[in-house]
Amino acid sequence: MAWSATSPGANQPDNTAFTQQRLPAWQPLLSAGITLPLFFCVGLAFIGLGLGLYYSSNGIKEIEYDYTGEPGIGNCTACARVGERVAPPHPNCTCQWCFSLPELFQGPVFLYYELSNFYQNNRRYVVSRDDEQLSGLASALRHPANECAPYQRTPTGLPIAPCGAIANSLFNDSFKLLYQRQPNGPYDEVPLDRTGIAWWTDYHVKFHNPAPINGSLKLAFHGTAKPPNWPRPVYDLSPDPNNTGFVNQDFVVWMRTAALPTFRKLYARIRHVNYSAGLPRGTYCVNITYNYPVLAFGGQKRIIFSSISWMGGKNPFLGIAYLTFGSLCIITGFVMLIVYIRYQDENGDGDEDE
Amino acid sequence: MALCTKKRPPEEERRARANDREYNEKFQYASNCIKTSKYNIVTFLPVNLFEQFQEVANTYFLFLLILQLIPQISSLSWFTTIVPLVLVLTITAVKDATDDYFRHKSDNQVNNRQSQVLISGILQQEQWMNVRVGDIIKLENNQFVAADLLLLSSSEPHGLCYIETAELDGETNMKVRQAIPVTSELGDINKLAKFDGEVICEPPNNKLDKFSGTLYWKENKFPLSNQNMLLRGCVLRNTEWCFGLVIFAGPDTKLMQNSGRTKFKRTSIDRLMNTLVLWIFGFLVCMGVILAIGNAIWEYEVGVRFQVYLPWDEAVDSAFFSGFLSFWSYIIILNTVVPISLYVSVEVIRLGHSYFINWDKKMYCMKKRTPAEARTTTLNEELGQVEYIFSDKTGTLTQNIMIFNKCSIYGRSYGDVFDVLGHKAELGERPEPIDFSFNPLADKKFLFWDPSLLEAVKVGDPHTHEFFRLLSLCHTVMSEEKNEGELYYKAQSPDEGALVTAARNFGFVFRSRTPKTITVHEMGKAITYQLLAILDFNNIRKRMSVIVRNSEGKIRLYCKGADTILLERLHPSNHELLNTTTDHLNEYAGDGLRTLVLAYKDLEEDYYEEWAERRLRASLAQDSREDRLASVYDEVENDMMLLGATAIEDKLQQGVPETIALLTLANIKIWVLTGDKQETAVNIGYSCKMLTDDMTEVFIVTGHTVLEVREELRKAREKMMESSRTVGNGFSYQEKLSSSKLTSVLEAIAGEYALVINGHSLAHALEADMELEFLETACACKAVICCRVTPLQKAQVVELVKKYKKAVTLAIGDGANDVSMIKTAHIGVGISGQEGIQAVLASDYSFSQFKFLQRLLLVHGRWSYLRMCKFLCYFFYKNFAFTMVHFWFGFFCGFSAQTVYDQYFITLYNIVYTSLPVLAMGVFDQDVPEQRSMEYPKLYEPGQLNLLFNKREFFICIAQGIYTSVLMFFIPYGVFAEATRDDGTQLADYQSFAVTVATSLVIVVSVQIGLDTGYWTAINHFFIWGSLAVYFAILFAMHSKGLFEMFPNQFRFVGNAQNTLAQPTVWFTIVLTTVVCIMPVVAFRFLKLDLKPELSDTVRYTQLVRKKQKAQHRCMRRVGRTGSRRSGYAFSHQEGFGELIMSGKNMRLSSLALSSFTTRSSSSWIETLRRKKSDSASSPSGGADKPLKG
């Protein structure tokens, strides 16, 4: 260390490239030779990509229906009114939405529900969960985290499982799709595949039921209370033993909170053999079990049928953004080229020196 | 470890009794221990932490930490703040500890110097720090004086002792101090041990030239003055030993009192940074308020109804209160706009730069084996902004070595050095110096290259002999001959020493003197001259003469003096010779040499008798003795015969003129502040090319009263105005902004001017009502030289420029007299490798050669500034880009202070993901290679004008950061609003969004740093690519199953990275974001490069300047000085030595005895032989009829 001039033997500085600041280095310069081609290449590439994205997004078909039931709109107004007056859990109320497809709805078809003005990304909402509990930890089951408050314990002191505002507000409308092949013909129920709608990692890693006691999940949850909004306890979410408790697919999907106040979540896939090519032409009705009140806070509920492409669902934004920016790049490139040429005329000497 | 006590009530007067520690202890005077260190092991932690928390930033983060512990507010985990905070505190503490360690070391070194203290009658070795007030200590030759002492007695007769005060006031000529008669007899230890005098004197102060006190001893009172004092920092010279009584010790010594208070120096960038941080803080509060209002409205409109699913916290009863809480929550998550790692990163970068300075081989002095040293690590970038340099002269510009360089004898010039081909040789290619081995008394260190002079001496040219005879007789040097033939001269000024030494080597050896005789060995033959009179030097006469009677009984007056004076007093018959000599003088002066003219005059016996009579009368006169003597002297020093002239080189440090020229080209103004006399200073000004004869005028201000000074300054200004006409009087000093205009106004002044101002004039000029006038005048001049200034004045001048010019100042010096100036200036540079270390200790940078200054400023300073600016721009940019995303997100999450990113990302972003690339840039970046910055000093200008980082640049960075943050949020927003994954499941979940934004952010800022990095070393590559790699590695690790299973609540993002980053849509988003953020920057820079290259494209700039520059270089070479004539009569000479010699007061008996002995003794047989040979040629009068040889 050449820090102190008094330390003997350390006086003479080392003659290395590092200490003498002579390290070999690449010194790039924004010369015209690099910048202009860069702009044109990026521009062209973006326009190309943009076109591809735009067309594949355009190829995706969506049908959506707002079933919020705002006064006077749609069939669900009555149900909405019921839900508003009564405290949860709500009595079952159903309404129906029918539509007809003039041609085949190219599959695979996905059924989404979309909520608007629903703040799943509110900080207090986001933290209101206990992942330890959800991962099946027995201790956390009995002692939910404080973040869950006020859905941590019931007024009687029983721990709530699953605790927290997210779980408590689980979306509980359900949909049934009916298909009428011929006009005035019978309605067939279209089988909805409700497995595999959650992320693999969530379903297999993040969420676990507590170890069953004597083979019974119910016993494992003994001593806990259901979230106040829920009509039935967590172990009764589904009759399917692989789809109940914390590993219920609907529940897992719900627990993956959305980034934005308007979000859609997958409800089911339609991939039954009869519908593997998509939804054939005909008339369809969706029977909606309307449980979930949103009108109070100005929320909206939608049901959406959509197909997807290699890049996911319908997404016009990306394509348009790519196209716009690609064109801007090209335009800027030309402007820069003009400036560069004029500048060179004025100065005469080259730009590539140094 | 020495503990120095500090706090005492202010003293009224000081009492110290010799040899009575008990008595003196009553007063609790400071001990002789100095302490510049701040901490010790015990106090380090609390004091250092206390100091660190005085930094607003640190306190602020502590406050944030406390906020985060409140659950209702906490929007982030506590560790996101504590990890960086602890890191920052630790790094700073380690640095402070290291700094302090070195201070301890240097303190200890000084405190542990040995001195001999008389304790209970015995001389004992004691460390300096154990010396107490009232102790009697013994000093030996060449030792530093340990404390302020009252001189009691010395080895020299009459209690005289010689000291060099260069450390203290910068004057290099020796000074005499004398003990008061009663104590000067106390020569031996026994007597001293019994000495019990008590000194009552003034309390400690910083006046170097004043002391008043009284010694009470044996019921008598003896007044004491500065003449009796030896001050700490002086060096004892030419005195074997002396005893002194400690009056002031340690911090009370005049040296320490004069060293000014230690100020914590901050760079202008530091100050700007603090302002900006405050602004950012204000901005943060504004954002917090906006978002809090948003929150209140949202809760009122939506949240209150959303309570079905998300009830309010228990404590929250209204939307307003929720908004209030949300304000604090947002303060927490937006705190990253005030970058916590900013300060520590800046420190790290500066440390790196300091190491580069320490490591620089080109700033290592082989001769003195000292590398350059950055003693503080906080000022580096300011080195790139220096506009004013204040330089000491002696020891800084000059080596303080006088060299007999040339001479003109009877119309012939000697001393030019020719190489083999007969051309004038440049330095470095000199042939062997001539051989003085014929003369056993020659000084081995004396070098001369022109053999013809030696030939002339050997041949016996009478003029040459007379010339050297004069040099060996006409002086006030004392000789000392410890062993036969080993001569030591005690010259009062180095000039005289050089002249006498020259004569000595050419065979006219001044051997010894008594009050009445001078013994000279002339070409081996001892001749004793009778010394009749010394007509001493003074400032008005500017000459000195001796009148001697030679062995033949002839009386002759030898005179040497300033050319202006002496040439007028020559006999008319010298006319022709005068012309040639004048030519030579001009030539010498043009080379920057100090010249002296030598002349003699034969005196008739009768005339002398009569004159001596008058002189005696004059000297006995009661009134106006000085004037009478002067006129008597005047009378005899007339009609003299010209002998020739000498030229002495005040040896400049290596490369000084070149450095000054280069720095001037870099638009740095150099002021010389020296304690030396005006003539000396001006002379040096010429020889280092600060002053040239091309200059229109050199103003010299020497007024003694306020009015005179004001008038002189006014005249100077008027002259400058007249000649340029264009200039109004609209100099404005107030704003920095106008400084560029100011410069242009100054440049508009036609012609070059220089200002020379004297210490006493300066005292008036620095008064409050005149300082502006002075500054205005001085700044309009190209060169400013202040002479005869006190250390305090040096500091005042620096302070003045600092105050009104708002420019960065640098002070460079080597002595203790420069300490205050070094401490006052923004940057203080000490010349190391000299004897004293006071300047170095006070300095921020030290190296051993003035010429290294150009490298320090133009290379290291420029780079440091560039790097720091680039670093800051990028740093603010990246933090705004990072943080502002939260702001936009606020509008979509109910203003709930939800972060966009994972908390780990927030913790690590500044300290891991983005720290190293920007540090690497801050440490290693270079725009042009080092040679270029020396070749084109104009490259230095952006730093002076503060172009690279100022408020405007800051806003540009901020704007870019905000622009980036907008895209960073809204592009993913646009994509995610409705998109689903390619397997149909939800894409727009919060965690995927967080990962997408974080990833694009890391990529964008990495590309941006890549764009900013101009010098990609392997380290930069490693850090930039490494940061990206580390980001992904940590991302996947944090989202891994293993960590989740251990801490499910801490690592909630399990599986997120692999799920999200597998989506093409996400990558399309990232690419789009990156390109949209970066391309405009590229376009902007390219256009700037093309349209306004002189601002940013230094490389192009370099190209443009090159042609101009070369021409300038040629000019510089040519500039020499012709036509002006200046004399540098040993101007560090002091009056009064002649008298001292004639009285014999300063000669000890032994030396008187020795002188008679040496005359008799003949040395070796060779010498005897020589003497025989040269005998015929050596008679002074018989020279005229011999033909000149050559």
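In this text, all values refer to a predicted model and were calculated from it rather than measured experimentally.

**Regarding the overall build of chain A**
Thought 1: Check the secondary structure of chain A and you find ten helices and ten strands.
Thought 2: At 30 Å, chain A has a C-alpha radius of gyration far larger than the 20 Å of a compact globule built from 354 residues.
Thought 3: Oriented by its inertia axes, the alpha-carbon framework of chain A measures out at about 85 × 65 × 40 Å.
Thought 4: Here chain A, with 354 residues, has 53% of them falling under the buried criterion.
Thought 5: With the model as given, the accessible surface of chain A reaches about 15,400 Å², and the carbon-plus-sulfur share is 58%.
Thought 6: With 26 positive and 27 negative side-chain charges, chain A shows a spacing of 15 Å between the two charge centroids.

**Thoughts on the pattern of salt bridges**
Note on pairing: side chains with opposite charge can pair once their charged atoms come close.
Thought 1: Evaluation of the coordinates by the stated rule reveals 59 salt bridges over all chains.
Thought 2: Among the salt bridges present, the one from R543(B) reaches D634(B), with a minimum N-O distance of 2.6 Å. Of this pair, R543(B) sits in strand 23 (residues 543–549) while D634(B) sits in helix 18 (residues 625–636), and the two are 91 residues apart along the sequence.
Thought 3: On the accessibility criterion, R543(B) (3% relative accessible area) is buried.
Thought 4: Looking at D634(B), the relative accessible area reads 31%, which means it is partly exposed.
Thought 5: Put simply, E62(A), E64(A), E114(A), R264(A) and R302(A) are held in one network by salt bridges that share partners.

**A word on the domain arrangement of chain A**
Thought 1: Taken domain by domain, chain A holds domain 1 (35–60 + 311–340) and domain 2 (63–308).
Thought 2: Once you take the C-alpha centre of each, domain 1 of chain A and domain 2 of chain A turn out to be 39 Å apart.

**Things to note about the state of the cysteines**
Thought 1: This model, assessed by the stated rule, comprises four disulfides over all chains.
Thought 2: There is a disulfide in this structure between C76(A) and C95(A), and the S-S distance comes to 2.1 Å. Where C76(A) bonds to C95(A) through sulfur, the torsion about that S-S bond is close to 85°, and the disulfide is right-handed. Here C76(A) is found in the loop between strand 1 (62–66) and helix 2 (77–85), whereas its partner C95(A) is found in strand 2 (residues 94–101), with 19 residues between them in sequence.
Thought 3: Residue C95(A) is classed as buried on the basis of its relative accessible area, which comes to 8%.
Thought 4: Numbered in order of appearance, the disulfide-bonded cysteines of chain A are paired 1-4, 2-3, 5-8, 6-7.
Thought 5: Here C242(B) is not cross-linked by a disulfide; its sulfur's nearest cysteine counterpart is in C161(B), at 4.6 Å.
Thought 6: Not engaged in a disulfide, the cysteine C365(B) finds its nearest cysteine sulfur in C688(B); these two sulfurs lie 19 Å apart.

**Digging into the sheet that holds strand 7 (residues 174–178) of chain B**
All names here are of chain B.
Thought 1: An order of 7-6-12 is seen for the three strands of this open sheet, with the pairing classed as antiparallel. Two strands close off the open sheet at either side, each with one partner strand: strand 7 and strand 12 (235–237). Each neighbouring strand pair of the sheet contributes to a mean axis angle of 45°, computed without reference to strand direction.
Thought 2: Pairing of strand 6 (residues 160–164) with strand 12, which is carried by three bridges, proceeds in the antiparallel orientation. In the sheet register, I163 faces strand 12, and the bridge partner there is L236.

**Details of the interface of chain A and chain B**
Thought 1: Contacts between chain A and chain B engage 103 residues on the former and 113 residues on the latter.
Thought 2: Roughly 9,500 Å² is buried in total at the junction of chain A and chain B, and carbon and sulfur atoms are behind 61% of that figure.
Thought 3: Between E299(B) and R124(A) there is a salt bridge, with the nearest N and O atoms lying 3.0 Å from each other.
Thought 4: At the boundary of chain A with chain B, the tally comes to 32 residue pairs in polar contact (both at pLDDT 80 or more).
Thought 5: For the side of chain A that touches chain B, the secondary-structure elements that each account for two or more residues are helix 1 (32–58), strand 4 (109–116), helix 3 (123–126), helix 4 (131–134), helix 7 (200–206), strand 7 (263–270) and helix 10 (316–347) of chain A.
Thought 6: Sorting elements by how many residues they give to the side of chain A that touches chain B places helix 10 of chain A first, with eleven residues.
Thought 7: A class-by-class count of the residues in the side of chain A that touches chain B yields 57 nonpolar, 28 polar and 18 charged.

**What about empty space enclosed by the protein?**
To find the voids left in a structure, one rolls a probe of water-molecule size over its atoms.
Thought 1: Estimates place the volume of the largest cavity at around 140 Å³.
Thought 2: R123(A), R124(A), E299(B), S322(B) and L325(B) are, among the 15 residues lining the largest cavity, the residues nearest its centre.
Thought 3: When residues of the lining of the largest cavity are traced back to their parent elements, those giving at least two are helix 3 of chain A together with helix 9 (268–303) and helix 10 (319–333) of chain B.
Thought 4: No other element matches the four residues that helix 10 of chain B contributes to the lining of the largest cavity.
Thought 5: Residue composition of the lining of the largest cavity, grouped by class: four nonpolar, seven polar and four charged.
Thought 6: As a volume, the second largest cavity reaches approximately 120 Å³.
Thought 7: F61(B), L76(B), T80(B), T81(B), P84(B), N335(B), T336(B), V338(B), I340(B), I906(B), T907(B) and N910(B) together form the lining of the second largest cavity.
Thought 8: Elements represented by at least two residues in the lining of the second largest cavity include exactly helix 4 (79–111) and helix 29 (903–913) of chain B.

What counts and how
Residues numbered from 1 in each chain as written. Chains lettered and ligands numbered in written order. Predicted model: local features only at pLDDT ≥ 70, side-chain atom pairs only at ≥ 80, totals over all residues. Heavy atoms only, no water. Helix = DSSP H or I, 4+ residues; strand = E, 2+ residues; numbered from the N terminus. Rg over C-alpha atoms; globule rule 2.2 N^0.38 Å. Buried < 20%, exposed > 50% of the residue type's maximum accessible area, 1.4 Å probe, protein only. Areas by Shrake-Rupley, 256 points an atom, 1.4 Å probe, with all protein chains shown as cover. Lys, Arg positive; Asp, Glu negative; His and termini not counted. Charge placed at Lys NZ, Arg CZ, Asp CG, Glu CD. Salt bridge = Lys/Arg side-chain N within 4 Å of Asp/Glu carboxyl O. Domains from an automatic or database assignment. Disulfide = S-S within 2.5 Å. Pairing = 2+ DSSP bridges. Axes fitted to C-alpha atoms, helices over the stretch in contact; angles between N-to-C directions. Contact = heavy atoms within 4.5 Å. Buried area = accessible area lost by both parts, 1.4 Å probe. Polar contact = N/O pair within 3.5 Å; in protein donor to acceptor, adjacent residues only side chain to side chain. Nonpolar A, V, L, I, M, F, W, Y, C, P; charged D, E, K, R; others polar. 1 Å grid on protein atoms, 1.4 Å probe; cavity = no way out; pocket = protein on both sides within 12 Å on 5 of 7 lines; lining within 4 Å. Points joined across faces, edges and corners; volume = space filled by probe spheres on them.

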